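Coordinates in review
Letter by letter, the chains look like this.
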Amino acid sequence: TDSIHYDPDTTEPISCSLKSLDELLSWKRQEASLFNVATVPLASRYPPLHSCPRRTLVSHDMMGGYLKDRFIQGAEVETPYAFYHWEYIDIFNYFSHQMVTIPPAVWTNAAHKHGVLSIGTFITEWTDGAKTCEAFLADEESYRAAADKLVQISHCYGFDGWLINIENVLSESAVKNTGPFLRYLTDQMHERVPGSVVIWYDSVLKNGSLDWQNKLNDDNRMFFDACDGIFTNYNWTEQSLEWMKSYSAAQGRFADIYVGVDVFARGVVVGGKFETNKALKLIRKYEFSTAIFAPGWVYECHEKADFCQNQDKFWSLLSDYLYIHRPSSSLPFISSFCQGFGKSLYWRGQVEMKRSWFNLHAQEIQPLYLSENMDDGGWLRTRGCSEDAWIGGSSLMVEGMIPSGRSEVCARIFSLHVPLATRTFVSFVYKPPVGVKISLELKTIDGPLCTFDGMEEIARELLTPALKSKYFLCIRVSRDGGDEDICFNCRIGEIMLLDAESLQAPLRSVEGICVNDVVWHKGDGHTQSKVLLNATLRWQYPTPQVRHFQIHWRRPRGPDPRIPPGPLTLIGRSYSTLYRVVELEVPAAPGLIELVVEPVSREGFRVPEAQWGRRTLSYSSSENPSL
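Since the structure is predicted, the reported quantities are computational estimates derived from the model, not experimental observations.

Now for the packing of helix α4 (residues 140-157) against helix α5 (residues 172-192). One way to put it is that α4 packs onto α5 with a least axis distance of 9 Å and a crossing angle of 30°. Judged by the inter-axis angle, α4 sits roughly parallel to α5. As for how α4 packs across α5, the hand of that crossing is right-handed. Between α4 and α5, the residues in contact are Y143, R144, A147, D148, L150, V151, S154 and H155 and N177, P180, F181, Y184, L185, Q188, M189 and R192, respectively. Considered class by class, the residues forming the contact of α4 with α5 number nine nonpolar, four polar and three charged.

On to the environment of T132, then. Along the chain, T132 turns up in helix α3 (residues 126-136). The residues contacting T132, other than those within four sequence positions of it, are L21, M99 and T124.

Spatial ordering of the open sheet is given by β26-β27-β30, a layout of three strands whose pairing is antiparallel. Of all the strands in the sheet, the pair left with one neighbour each is β26 (511-522) and β30 (578-586). Taking each pair of neighbouring strands and ignoring which way they run, the sheet shows an average axis angle of 20°. Sheet analysis places β26 next to strand β27 (residues 531-540), joined by eight bridges and oriented antiparallel. Bridge pairing in β27 links E511 to Q540.

Moving on: the packing of helix α8 (residues 276-285) against helix α10 (residues 307-318). Taken N-terminus to C-terminus, the directions of α8 and α10 make an angle of 25°; their axes are 9 Å apart at the nearest point. In this view, α8 runs roughly parallel relative to α10, as classed from their interaxial angle. Viewed along their axes, α8 and α10 form a crossing whose handedness is right-handed. The segment α8 lies against α10, with T276, N277 and L280 engaging F314, L317 and L318. Looking at the contact of α8 with α10 residue by residue, the classes come out as four nonpolar, two polar and no charged.

Our next topic: the pairing of strand β28 (residues 546-554). Burial runs high along β28: nine of the nine residues are buried. As judged from the eight bridges shared by β28 and strand β31 (residues 591-601), these two strands associate in the antiparallel manner. The residue of β31 that forms the bridge with W553 is L595. As judged from the five bridges shared by β28 and strand β29 (residues 569-574), these two strands associate in the antiparallel manner. The residue bridging H552 from the neighbouring strand is L570, located in β29.

Now for the sheet that holds β28. One open sheet holds the four strands; their spatial order is β29-β28-β31-β32, and the pairing between them is antiparallel. Looking along the sheet, the strands with just one partner apiece sit at the ends: β29 and β32 (613-619). Adjacent strand axes in the sheet meet at a mean angle of 20°, parallel and antiparallel pairs treated alike.

It is the rolling of a water-molecule-sized probe over the atoms that shows where space remains empty. Here the largest pocket defines a volume of roughly 1,100 Å³. Taken together, 46 residues form the lining of the largest pocket, with V40, K113, I365, P544 and V546 sitting closest to its centre. If you list the elements that add at least two residues to the lining of the largest pocket, you get α2 (105-113), β11 (326-327), β12 (333-335), β20 (408-417) and β28. Of the residues that constitute the lining of the largest pocket, the class distribution is 22 nonpolar, 16 polar and eight charged. If you add up the space inside the second largest pocket, you get close to 680 Å³. Forming the walls of the second largest pocket are 24 residues, and the residues nearest its centre are Q73, G74, R355, I571 and Y579. Elements with a contribution of two residues or more to the lining of the second largest pocket: β16 (357-358), β29 and β30.

A few words now on empty space enclosed by the protein. A full pass over the atoms with the stated rule returns one cavity of 30 Å³ or more. For the lining of the largest cavity, the per-class residue count stands at four nonpolar, three polar and no charged.

For the rest of this paragraph, the subject is α3. Within α3 the residues assigned to the buried category are G129, T132, C133 and F136. Each buried residue of α3 lies within a common arc of 100° when the element is viewed along its axis, so the set occupies one face. Facing away from the buried surface of α3 by more than 90 degrees, the exposed residues are T127 and K131. Buried positions along α3 lie against α1 (21-25), β5 (117-125), α4, β6 (161-167) and α5.

Quick look at the environment of I563 now. Among the secondary structure elements, I563 is positioned in the loop between β28 and β29. Residues contacting I563, with those up to four places away along its chain left out, are R557 and G558.

Before going further, it helps to examine the UniProt feature "domain: Cytosolic endo-beta-N-acetylglucosaminidase TIM barrel" (unreviewed entry) in the protein. When the UniProt feature table is mapped onto this chain, "domain: Cytosolic endo-beta-N-acetylglucosaminidase TIM barrel" (unreviewed entry) is found at residues 66-344. Helix makes up 35% of residues 66-344 and strand 18%, with an end-to-end C-alpha separation of 24 Å.

Here we come to the nonpolar core. Soluble globular proteins: nonpolar side chains tend toward being buried together. L24, V100, F122, I153, I164, F181 and W315 are the most contacted members of the largest nonpolar core, which totals 109 residues. Here the element with the most residues in this core is α4; it accounts for eight residues. In this view, W315 contacts V58, F83, H85, Y88, I89, I292, P295 and L322; residues no more than four positions away in its chain are not counted. With 36 residues, the next largest nonpolar core counts L370, V409, I413 and L440 among its residues.

Conventions used here
- Residues numbered from 1 in each chain as written.
- Predicted model: local features only at pLDDT ≥ 70, side-chain atom pairs only at ≥ 80, totals over all residues.
- Heavy atoms only, no water.
- Axes fitted to C-alpha atoms, helices over the stretch in contact; angles between N-to-C directions.
- Helix = DSSP H or I, 4+ residues; strand = E, 2+ residues; numbered from the N terminus.
- Parallel < 35°, antiparallel > 145°, perpendicular 65-115°, else oblique.
- Left-handed = near helix turned anticlockwise from the far one by under 90°.
- Contact = heavy atoms within 4.5 Å.
- Nonpolar A, V, L, I, M, F, W, Y, C, P; charged D, E, K, R; others polar.
- Pairing = 2+ DSSP bridges.
- Buried < 20%, exposed > 50% of the residue type's maximum accessible area, 1.4 Å probe, protein only.
- 1 Å grid on protein atoms, 1.4 Å probe; cavity = no way out; pocket = protein on both sides within 12 Å on 5 of 7 lines; lining within 4 Å.
- Points joined across faces, edges and corners; volume = space filled by probe spheres on them.
- Arc of directions from axis to C-beta.
- UniProt positions renumbered as here; feature names shortened; annotations may be inferred.
- Core = buried A, V, L, I, M, F, W, Y, C linked by side-chain atoms within 4.5 Å.

Spelled out as structure tokens, the structure:
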């Protein structure tokens, strides 16, 4: 194993970057981290990227990158940063100042679940950057070698392209090769990773000088012409947007011009911070795409305890200038609203692990978070809440006030483009609130209304193919008698839309389970007699059928038949067919333990024990245990 892919103290798998041209050119697929390979394919959504006229890119630049999000199997964090307004954005860029910034798998998986592209960053800066550029842009052979590695890395790890950020002066010969490098990289990316993008950052000019233009113009268009788009610097004015609108090289490609907005508002800029909406208003007025840089400002520069509130406020202020994308995969459609972190880990309303945790791979499809004030004084808000959950770390809190004179309010929580089956099974989990009644509605954009309050069967004819594939899932809250102002809050745990036929499908068995990369540690201090096991478990299972896997261990039945097997002890959850057991305290040597992999179906059914995967490990010698 390549040690850079594991935490040196615990052997936990971690995501990391490449820091030099040598590291890039010597990169080999066989030395790549299997754990950092994204396991979630890019979901389909409507409209798809290529037909979005005004796109939104988010560039996530936070405190140097590779923070707690580098832990591929999650970490214990009280108040982590997470992004969950995916329905508004098209491209997620993981940014750091390390030369080849490979997005951590957890981010690519969360983005892909929502149909959002995940792209890395290739950056050169300062004197070292200039030396790097002179080397890889020296000639065709050199720039092709570097581009080939960038393509291989993206293909291997399953992300969708690159932001190219050359922030240093280029010699005449280097700048002459920059356009051909971009063209070659872009063509190769499109061939190897369909749907991928290569975007150029507005920095270097065609004469090689470093001079941010804050727009597309004759000095930088040669780079724009060679790739999929340009991300402009942040110090533009309305005049620059107006000028670009009529610029010849922009015609037919407005969507490929991502006008940069620095949320930290450094330098002379329009908007930024909680006034970022002012910038977006102008950008959309001139029909351009936007690149929102460092929206983690809501986390870095405010009280961590208020993070979700500030993030919801920030995106709510922008919502008039963002476009909602609808999931458009086929059934099932399932979400327990988990945001990828929590104060406890829940399974069907019960606490499974009581500790703060953060793992974006656990994030489920996110709803539309809304904040609405009505003319008659009523209001309505939806937000994630980690005080209680059905599955994962959070539930959806629907709260508001129904004013006197109004009988109900309705919260749109999902906008979908998912065709329903002739027989569609609907499951809706919620905690009944006091004083109001709750129902789930499927509201077609151009068809009948279908209400489900959990008590009766939905009329069959409403769920025939006549119910179009475009619809909203809504929570309707109505008063339970009386006419005074009534405040309410209701916790929604999960919504599932399933093809009834799929519920008959047999569940598969775990196959091919193997254990490797075993490292033994001894406890330190007063725990020196303890033996700590670190090992990688791998197995085969059709992942689209599962929500996650439960990894357990136990002491198997001993040679004496009177000694029963020990109880199953949960080690953790895995969201792919790979799991690193870390610092597991096992009985002193000589010993025998069993590692167990239990699949949990996406509908939440436990798979019968006979179909779990098992592997027994025997080990000897407390001094130096061996398998």
